[in-house]
Amino acid sequence: MSAIEYQAPSFKLEDLWTDRRWRAIFVQILALAGLFAFLAYIVNNTINNLQTLGIETGYGFLNDPSSYDISQTLIDYDSRSTHGRATIVGILNTGLIALCGIITATLLGFTVGVLRLSGNWLISRMMYCYVEFTRNVPLLLQILLWYALVVHSLPRPKNALEPLSGIFLSNRGLVLPGPEFGSGSWIIFIALAVAVAGAIAFRRYAKRIQETTGKIYPVISISLSIIVVLPLLAYFAAGQPVSLNWPALSGFNFKGGLTLRPEFLALWFALTIYTASFISEIVRAGIQSVSHGQTEASYALGIRPNWTMRLVILPQALRVILPPLISQYLNLTKNSSLAIAVGYMDIVATIGGISLNQTGRALESMSIVLAIYLTFSLSISMVMNWYNKRVALVER
Amino acid sequence: MTDATQTHAPGTHPDLPPPLGNRGAIKWMRENLFSSPTNTVLTLLGIYLIYLAIPPFLDWFILNAVFDAGSRAECWERASGACWSVVIVRFDQLVYGFYPVELRWRVDLSAVLLAVALVPILFDKAPYRRGWFVFSLIYPVIAFFLLWGGLGLEPVESAKFGGIMLTVLIGVTGIVASLPLGIVLALGRRSELLVLKVISICFIEFIRGVPLITLLFVASTLLNYFLPPGTYFDLLLRVLIMVTLFSAAYIAEVVRGGLQAIPRGQFEAAMAMGLSYWKMMGLVVLPQALKISIPGIVNTFIGLYKDTTLVVIIGLLDPLGLSQSILADSKWQGLSTELYIFIAIFFFISCFSMSRYSIYLENKLHTGHKR
Amino acid sequence: MSEAAAHVMPQSQTDQVAVQMVGVHKWYGEFHVLKDINLSVDAGERIVICGPSGSGKSTLIRCINRLEEHQRGQIVVDGVELTNDVRKIDSVRREVGMVFQHFNLFPHLTVLENCTLAPIWVKKTPKVEAEEIAMTYLARVKIPEQATKFPGQLSGGQQQRVAIARSLCMNPKIMLFDEPTSALDPEMISEVLDVMVGLAESGMTMLCVTHEMGFARKVANRVIFMDGGEIIEQNNPEEFFNNPQSDRTKLFLSQILHN
Ligand SMILES: Nc1ncnc2c1ncn2[C@@H]1O[C@H](COP(=O)(O)OP(=O)(O)O)[C@@H](O)[C@H]1O
Ligand SMILES: [Mg+2]
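Only a predicted model underlies this, so the values are computations on that prediction, with no experimental measurement involved.

> In this structure, what is going on with the overall build of chain B? I would like to understand it.
A tally of helices and strands in chain B yields 15 helices and zero strands. In terms of overall size, chain B is more extended than a compact globule, its C-alpha atoms giving a radius of gyration of 28 Å where 371 residues would be expected to give roughly 21 Å. For chain B, the spread of C-alpha atoms along the three principal axes comes to 100 × 80 × 45 Å. Partitioning the intrachain contacts of chain B with sequence separation of at least 6 by distance along the chain shows that 64% fall at a separation of at least 24. Looking at chain B as shown, the accessible area adds up to about 18,900 Å², and 69% of this sits on carbon and sulfur atoms. Side chains of chain B give 27 positive and 23 negative charges; the mean places of these two sets differ by 11 Å.

Dropping the structure here:
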């Protein structure tokens, strides 16, 4: 009997709460309706506001001249360039600081993480202090502190510190000898490309030799020397086409060379030091997550400590390390938006800052900034999800 | 091999102390500082670094510092070290911002009451915990009236709030408000109802995908557009909302991790007992999931607390904002390092104690699990 | 003791003596864990070590491949004295295989890769050859069909057999077993013990820490009883079980045999 009743359910109002399926549908419809009402309210308000204020909308302003200067640009830009170009300059600057920061933070973070685990009490204590001091102080404060140190505590260019000859540290930033590529430089780049290809080929060859004869080549050191030596040879063969452009003091500032401005230095330093302390904790936890039994088993098989690290510990630790490491890279990239505090011109400072204030196009500018960050973050997390699923499948 | 031959009958060998060089300070140093050539080099390098860094820093920090000068010029005349006078002279401002001097007792009182309200939350051995807990629950209301005024207290507008008080206010409000919201979002993300799930995912991923500073910009520049014309909306309130939303998204991910760690069996057992969804979650699943997530949650709170400094960029007067205005005073120009270090010490103490507390909790929970 | 003569010139006896421990003491911090251990194991001998938990059995056999360092006395393994010399440690570890209580397989490598890792990277065996050797040993422990699986996909007994095969792939002269069956479910114990019996029959020098007394009776030449960091008693299995000398041995035997 009940089966027949079940086939023809007569809907009663109370079913919305008592019947599981009806309730599910009801709740979802309610949620959707609420959401749409909320969005409609906001959109409606926005349209009203824009109309009363007489603000026109649209992204056309991106083609208007920006009429402001940017001190550090990777592409050609001046105050007659458009807001659109300023945005691109901002994106590139964000990319530059993120890339530099990620590289140095990774190097420093891995070093500190490994040193914290070393049997050396003094070193591991020092690393502990470093980690605790840096990660418990706000990043913004650290950026400002480094900036203040560079700008207020370093000497003027006239008395610049010269830690190595040709490298000057002053309150105008760090000046390095910059490369100047003469004609024939292309040979070096070709040599570099050939060297990289050669190193890859050598790796393959070494692997095959090992599989067939068992002989083990020091692959890493040989590849590295190929990559270093070949371009060097090409450099001399082509008649030394690359020269260094040495900076020299002229008047109140340096001429020539490659200048890293104080705001870039402060940001880079702070991001590196701050993120590295988080990375070091990730690395430490990753290595510690590999049980001591693994090391012992490897030792008992006669595998030496450094090979044990490479063949047994690191491959396991890296699987634990990689996901949080990538999320630290994302954090670093997002944190680079604090650039605005010291006037480094990243996305937020260009389109979300000066352009916004000059044109008053808050909606459009902010939407561009948000969209750029979102695209970046979401694509990285998609790749990470894919990777996590794959590892989970393989290992089980 | 002096005693290579068996000197004692089986089972009667006494416990001997380890041979010399395997004992005490020498052994400790050999094992922990000089166990290999690499380690010896590292140790010497470490000592050298400390020698390079610590004495000059101490010199600057304490030995050559000035505490009672009236201006930067006077400081620099008297000694080469830090000029802490700026912090001492402007200390009240760094703590209270521009909160009216005669009303500052209200801030002090709410700080004391905050400490009282925190005790039953932080320590489960507090006596009369239940009754005390009720006080913790109504504390936000008390604090609201104490700080903003009303109910017969003279009102103070939030533009006057500033300094450490502002930091703590934003931090604590964000923490208190973002936890429940984060839990709801986590449940939403794990929900079987597609619409709720999608909404939660979109919200969480959006917030986590952008820097806080852009959200604060949205709050300061765009929120006016989203509200009916003519609505006035306090900047501090906007910031509080944004900080809460921001931290809730991160909490949600932490809690989701905790929920995922709960074995299926727990859900099934709860459902088999006939518990409804909310009872299952509230009585069985969430208590366990939250326990696992505590370290992550505390880390998120520490992050939020540090992030309160970002409000200076949209013009609120947190300690960083105040130091910029202090630095604009010609008497104290150029003393940014001193001010920043003072603020850094404040943050270090608060964040470090939070992380210690989280480690304490973690250890307690671990022993609890072992049984 | 009968070793009294042997320890005078241990090096001269390498042909017959696989492991020679003379007056070995070890401390963990202040804790005296091994006290005056004198033990000589001939090549081909099968030794079972038993004793209450915490008596230092694991520590003893871990000293033999230098997973633990001893502070006093002399340990000579296959003619090589264990000192801090890295090369000597390496050469000893190559000759000595070890099987752990918790298997310690490498979870990121397949069963086959677990077995070929050390031959390839330590002995520099060509991969194909290493895989062939590995497959013969996997066949010997009766799980050749699992070669491409990951350790996490195997049962405990299977994992322990892989661990044994992995050690054998290095072609060791001596095998150490540290309670190889005590982390296993009862129904899996015999499959591991069978493999160990087979190994014993092939003439391998073995030192096994185990409480499997059936195994001890069947294969051991000598049973050693440890307590409080000392060797209390050693004898052939027959005598050891039927006619224990010391009171502590009697007590221990009555405890484990009645369970
Ligand atoms: N790494 C170590 N540090 C300090 N004490 C240890 C360590 N390993 C073992 N011990 C102690 O040494 C004693 C002997 O341990 P072990 O050799 O593992 O005993 P068994 O294997 O006989 O159960 C035990 O009391 C144990 O607590
Ligand atoms: Mg043991």
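> Where do I start with the overall build of chain C in this structure?
Scanning chain C for helices and strands turns up nine helices and ten strands. Taking 18 Å as the expected radius of gyration for a compact globule of 259 residues, we find that chain C reaches 18 Å, a close match to that expectation. Across its three principal axes, chain C shows a C-alpha extent of roughly 50 × 45 × 35 Å. Classification of the 259 residues of chain C by burial places 59% in the buried group. Long-range contacts, defined here as pairs at least 24 residues apart, represent 65% of the contacts in chain C between residues at least 6 apart. Accessible surface computed for chain C: about 10,100 Å², of which carbon and sulfur atoms make up 48%. Charged side chains of chain C number 25 positive and 32 negative; the gap between the two group centres comes to 3 Å.

> Looking at this model, I keep getting lost on the site of ligand 1. Mind explaining?
Residue and element names in this part refer to chain C. Neighbouring ligand 1 are the residues Y28, F31, V33, P52, S53, G54, S55, G56, K57, S58 and T59. G56 places a polar main-chain atom, nitrogen or oxygen, 3.0 Å from an oxygen atom of ligand 1. Between ligand 1 and the protein, one listed contact pairs an oxygen atom with a side-chain N or O atom of K57 at 2.9 Å. Isolated, ligand 1 exposes 560 Å² of accessible area, and the fraction of that covered by the protein chains is 58%. Elements represented by at least two residues in the shell around ligand 1 include exactly strand 2 (31-42) and helix 1 (57-64). The biggest single contributor to the shell around ligand 1 is helix 1, with three residues.

> How should I be thinking about the pairing of strand 9 (residues 222-227) of chain C in this particular structure?
Each regular strand carries side chains that alternate between the two faces of the sheet. Residue and element names in this part refer to chain C. When you tally the buried positions in strand 9, you get six out of six residues, the bulk of the element. Of the two faces of strand 9, both are covered, the one formed by R222, I224 and M226 as well as the one formed by V223, F225 and D227. One ladder, built from four bridges, connects strand 3 (residues 46-50) with strand 9; its direction is parallel. The partner of C50 across the bridge, within strand 9, is F225. Here strand 9 pairs with strand 10 (residues 230-235) via five bridges, running antiparallel. Looking at the pairing, F225 lines up with E233 of strand 10. Linkage of strand 9 to strand 10, two consecutive antiparallel strands, is achieved through a turn of two residues, within which G228 is found at a positive phi near 55 degrees.

> For this particular structure, what's the right way to read empty space enclosed by the protein?
The method is simple in principle: a probe with the dimensions of a water molecule rolls over the atoms, and the space it marks as empty is what remains. Using the criterion set out here, one finds two cavities of 30 Å³ or more in the structure. By volume, the second largest cavity is sized at about 40 Å³. L50(A), I55(A), E56(A), T57(A), G360(A), R361(A), A362(A), L363(A), E364(A) and Y225(B) are the residues that line the second largest cavity.

> Would you take a moment to explain the domain arrangement of chain B for this structure?
Size of an interface: often given as the accessible area lost when the parts come together. Taken domain by domain, chain B consists of domain 1 (20-63), domain 2 (86-99 + 157-365) and domain 3 (106-155). Look at where the C-alpha atoms of domain 1 of chain B and domain 3 of chain B centre, and you get two points 47 Å apart.

> Is there a simple way to think about the packing of helix 4 (residues 83-116) of chain A against helix 5 (residues 121-135) of chain A in this case?
Residues and elements named next belong to chain A. Closest axis-to-axis distance for the helix 4/helix 5 pair is 8 Å, and the angle between their directions is 130 degrees. One finds that helix 4 runs oblique with respect to helix 5. Helix 5 is crossed by helix 4, and the crossing has left-handed handedness. Each of L108, V112, L115 and R116 in helix 4 lies in contact with helix 5, whose residues at this interface are I123, S124, M127, Y128, Y130 and V131. Partitioning the contact of helix 4 with helix 5 into residue classes produces eight nonpolar, one polar and one charged.

> Looking at this structure, I do not really get the pairing of strand 2 (residues 173-176) of chain A. What am I missing?
Residue and element names in this part refer to chain A. Alignment of strand 1 (residues 168-170) against strand 2, held across three bridges, turns out to be antiparallel. By the bridge assignment, S170 is partnered in strand 2 with G173. Remark: two residues form the turn of the hairpin made by strand 1 and strand 2, two consecutive strands paired antiparallel. Relative to strand 7 (residues 258-260), strand 2 runs antiparallel, the two being bridged by three bridges. The residue of strand 7 that forms the bridge with V175 is T259.

> What's the story with the confidence of the model for chain C in this structure? I'm lost.
Do not read the predicted coordinates in detail wherever pLDDT is low. Considering every residue of chain C, the mean pLDDT works out to 89; 94% of them sit at 70 or more. Taken together, the stretch residues 1-14 of chain C has pLDDT below 50 and engages in 17 contacts with residues farther than four places along the chain or on a different chain.

> Quick question: what am I supposed to make of the packing of aromatic side chains here?
For any two aromatic rings, the description comes down to two numbers: the centre-to-centre distance and the angle of the planes. Residues and elements named next belong to chain B. One pass over the structure, following the stated rule, counts 30 aromatic pairs over all chains. Relative to F61, the ring of F57 lies with its centre 5.2 Å away and its plane at 20 degrees, an arrangement referred to as stacked. Taken together, the positions of F57 and F61, both in helix 2 (residues 37-63) and four residues apart, correspond to about one turn of that helix. When its relative accessible area of 40% is taken as the criterion, F57 is described as partly exposed. Where Y305 meets F347, the ring centres are 5.8 Å apart and the plane angle is 65 degrees; that geometry is what we call edge-to-face. Separated by 42 residues along the polypeptide, Y305 in helix 13 (residues 277-307) and F347 in helix 15 (residues 336-370) bring together distant segments of the chain.

> It is not clear to me how the pattern of salt bridges should be interpreted in this structure. Could you clarify?
When their charged atoms lie close together, side chains carrying opposite charge are able to pair. Scanning the model with the defined rule gives 23 salt bridges over all chains in all. Among the ionic pairs, R304(A) bridges to D90(C), the shortest N-O distance being 2.1 Å. Residue R304(A) is located in the loop between helix 10 (292-300) and helix 11 (305-335), and its partner D90(C) is located in helix 2 (residues 86-95); the two belong to separate chains. Since its relative accessible area comes to 8%, D90(C) is described here as buried. When the shortest N-O distance is used, the salt bridge between D15(B) and K35(C) registers 2.7 Å. Residue D15(B) is found in the segment before helix 1 (24-32), and its partner K35(C) is found in strand 2; the two belong to separate chains. Relative accessible area serves as the criterion here: at 55%, D15(B) is assigned to the exposed category. Among the ionic contacts, a cluster of salt bridges with common partners joins R189(B), E205(B), E253(B) and R256(B).

> Can you help me understand the sheet that holds strand 1 of chain A in this one?
Strand-to-strand pairing in sheets goes through backbone hydrogen bonds, with the strands running parallel or antiparallel. Residues and elements named next belong to chain A. The three strands are arranged 1-2-7 in an open sheet whose pairing can be described as antiparallel. Among the strands making up the open sheet, the edge pair consists of strand 1 and strand 7. Each adjacent strand pair in this sheet contributes to an overall mean axis angle of 15 degrees, direction not counted.

> Even after reading the chapter, I still don't get the sheet that holds strand 9 of chain C, so can you show me in this structure?
All names here are of chain C. Sheet architecture is open: six strands sit in the order 6-7-8-3-9-10, paired in mixed fashion. At either margin of the open sheet sits one strand with a lone partner, and together these are strand 6 (96-99) and strand 10. Within this sheet the neighbouring strands show an average axis-to-axis angle of 20 degrees, counted without direction. When strand 6 meets strand 7 (residues 174-178), the two strands line up parallel, connected through four bridges. Among the inter-strand pairings, V96 is bridged to a residue of strand 7, identified as I174. Across the sheet, helix 6 (residues 186-201) is in contact with strand 3, strand 7 and strand 8 (205-209); its angle to strand 8 comes to roughly 150 degrees.

Criteria and cut-off values
- Residues numbered from 1 in each chain as written.
- Chains lettered and ligands numbered in written order.
- Predicted model: local features only at pLDDT ≥ 70, side-chain atom pairs only at ≥ 80, totals over all residues.
- Heavy atoms only, no water.
- Helix = DSSP H or I, 4+ residues; strand = E, 2+ residues; numbered from the N terminus.
- Rg over C-alpha atoms; globule rule 2.2 N^0.38 Å.
- Contact = heavy atoms within 4.5 Å.
- Areas by Shrake-Rupley, 256 points an atom, 1.4 Å probe, with all protein chains shown as cover.
- Lys, Arg positive; Asp, Glu negative; His and termini not counted.
- Charge placed at Lys NZ, Arg CZ, Asp CG, Glu CD.
- Buried < 20%, exposed > 50% of the residue type's maximum accessible area, 1.4 Å probe, protein only.
- Near = heavy atom within 4 Å.
- Polar contact = N/O pair within 3.5 Å; in protein donor to acceptor, adjacent residues only side chain to side chain.
- Pairing = 2+ DSSP bridges.
- 1 Å grid on protein atoms, 1.4 Å probe; cavity = no way out; pocket = protein on both sides within 12 Å on 5 of 7 lines; lining within 4 Å.
- Points joined across faces, edges and corners; volume = space filled by probe spheres on them.
- Domains from an automatic or database assignment.
- Axes fitted to C-alpha atoms, helices over the stretch in contact; angles between N-to-C directions.
- Parallel < 35°, antiparallel > 145°, perpendicular 65-115°, else oblique.
- Left-handed = near helix turned anticlockwise from the far one by under 90°.
- Nonpolar A, V, L, I, M, F, W, Y, C, P; charged D, E, K, R; others polar.
- pLDDT = per-residue confidence, 0-100.
- Phe/Tyr/Trp six-rings, centres within 6.5 Å; stacked < 30°, edge-to-face > 60°.
- Salt bridge = Lys/Arg side-chain N within 4 Å of Asp/Glu carboxyl O.

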